[in-house]
Every structure is written in C-alpha cells, then in structure tokens.
Amino acid sequence: MGVNMVKHLAKPLHRMTTATRQEVLGLYRRIFRLARKWQAASGQMEDTVKEKQYIVNEARMLFQKNKNLTDTDLIKQCIDECTARIEIGLHYQIPYPRPIHLPPMGLIPLRGRGLRSQEKLRKLSKPVYLKSHDEVS
C-alpha cells in the first residue's frame with residue numbers, strides 16, 4: 001500500500017529545503033491518516049486491524065531508516081516511491097507492495113559478467129514502488 005513509502009524520504013529535517021521537508025512530513029501524515037481510516041477489502045475486522053498495523057509499522061520503520069538521507073535525488077526517488085505506493089494501495093485496496101512477476105532467474109543462466117549484467121537489468125526493471133521493499137524484507 002503506500003506505507004513503506006515514507007521509507008527513505010527524510011534526511012535530517014534541518015538539512016532539507018523547506019519545500020522538501022513539508023512534502024515529506026505531508027506524506028508521513030497522509031499515511032497515518034490513511035491507516036486510521038483503512039478498511040480491509042475482505043471486510044473482516046481482524047484483517048483490517050492487521051493491515052492498519054502493517055501500514056503504521058512499515059511507515060515508522062522506513063521513515064526512521066532513511067531519516068539521514070542527504071542526496072536530493074535519492075530523497076526525490078523515495079517521495080515518488082511513497083506516492084506510488086499510496087496510490088497503488090488505494091487503487092487495489094491492499095497495503096502490501098504488489099509483486100513483480102519476473103521469476104528470480106527467469107533469464108538464461110549465466111556466470112561472471114553475464115550474471116552481473118542480468119542482475120543489473122533485473123534491478124533496473126524493478127518498479128518504483130518496489131525499489132526499497134527487498135532492502136527491508
């Protein structure tokens with residue numbers, strides 16, 4: 001959903017530009033508002049509670065993990081990921097990241113340089129909303 005989206009979003013807030021700081025804090029607040037109002041697609045209260053907790057825990061963990069980022073491009077990437085995760089979560093009514101459907105070793109087996117280039121291609125093809133998911137899992 002869009003919760004671990006806040007993940008790398010923040011570097012120490014005193015080093016950010018005011019606009020970036022406001023954008024990051026706005027996303028953080030939006031995630032917690034979303035978690036408060038979240039209803040599981042199944043309609044089950046038990047599922048709703050689990051999903052709300054997932055949203056809150058992931059947002060806190062990822063925001064904390066990335067609070068020291070200073071690279072503006074990386075911060076922008078994280079903001080984009082956060083926004084994408086929120087929109088995808090709302091659209092599909094699931095808080096969890098949607099998996100990509102490329103088998104881990106779906107390309108021809110290679111060794112050495114060929115394998116490294118395959119891994120690079122796989123990394124480049126990863127959607128923006130999943131960029132940091134494997135780092136945390």
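Residues numbered from 1 in each chain as written. Predicted model: local features only at pLDDT ≥ 70, side-chain atom pairs only at ≥ 80, totals over all residues. Heavy atoms only, no water.

Under an unreviewed UniProt entry, the protein chain has the name LYR motif-containing protein 1 isoform X1 and belongs to Ceratotherium simum simum. Per UniProt, the protein chain has the following entry under Sequence similarities (unreviewed entry): "Belongs to the complex I LYR family." (UniProt positions renumbered as here; feature names shortened; annotations may be inferred.)

A. Region of the structure containing the packing of helix α1 (residues 18–37) against helix α3 (residues 72–92). Running from N to C, α1 and α3 point in directions that differ by 25 degrees, and their axes come no closer than 11 Å. Considering their axes alone, α1 and α3 lie roughly parallel with respect to each other. The handedness of the crossing between α1 and α3 comes out as left-handed. For the pair α1 and α3, contact is made by Thr20, Glu23, Val24, Leu27, Arg30, Ile31 and Leu34 and by Ile75, Ile79, Cys82, Thr83, Ile86, Glu87 and Leu90, respectively. (Axes fitted to C-alpha atoms, helices over the stretch in contact; angles between N-to-C directions. Helix = DSSP H or I, 4+ residues; strand = E, 2+ residues; numbered from the N terminus. Parallel < 35°, antiparallel > 145°, perpendicular 65-115°, else oblique. Left-handed = near helix turned anticlockwise from the far one by under 90°. Contact = heavy atoms within 4.5 Å.)

B. Structural view of the packing of aromatic side chains. On inspection of all chains with the given rule, the structure shows three aromatic pairs. With centroids separated by 4.4 Å and ring planes inclined at 40 degrees, the aromatic side chains of Tyr28 and Phe63 adopt a geometry described as tilted. Of the two residues, Tyr28 is situated in helix α1 and Phe63 in helix α2 (residues 45–65); the sequence distance between them amounts to 35 residues. Accessibility expressed as a relative area gives 22% for Tyr28, which makes it partly exposed. Counting every residue linked through ring pairs, the aromatic cluster contains Tyr28, Phe32 and Phe63. (Phe/Tyr/Trp six-rings, centres within 6.5 Å; stacked < 30°, edge-to-face > 60°. Buried < 20%, exposed > 50% of the residue type's maximum accessible area, 1.4 Å probe, protein only.)

C. Up close: the environment of Cys82. Here Cys82 shows up in helix α3. Taking the C-alpha atoms as reference, Cys82 lies 9.6 Å from Ala59; in sequence the two are 23 residues apart.

D. Geometry of the environment of Phe63. Note on Phe63: relative accessible area 12%, which makes it buried. Sequence separation between Phe63 and Val24 is 39 residues, and the spatial gap between their C-alpha atoms is 9.5 Å.

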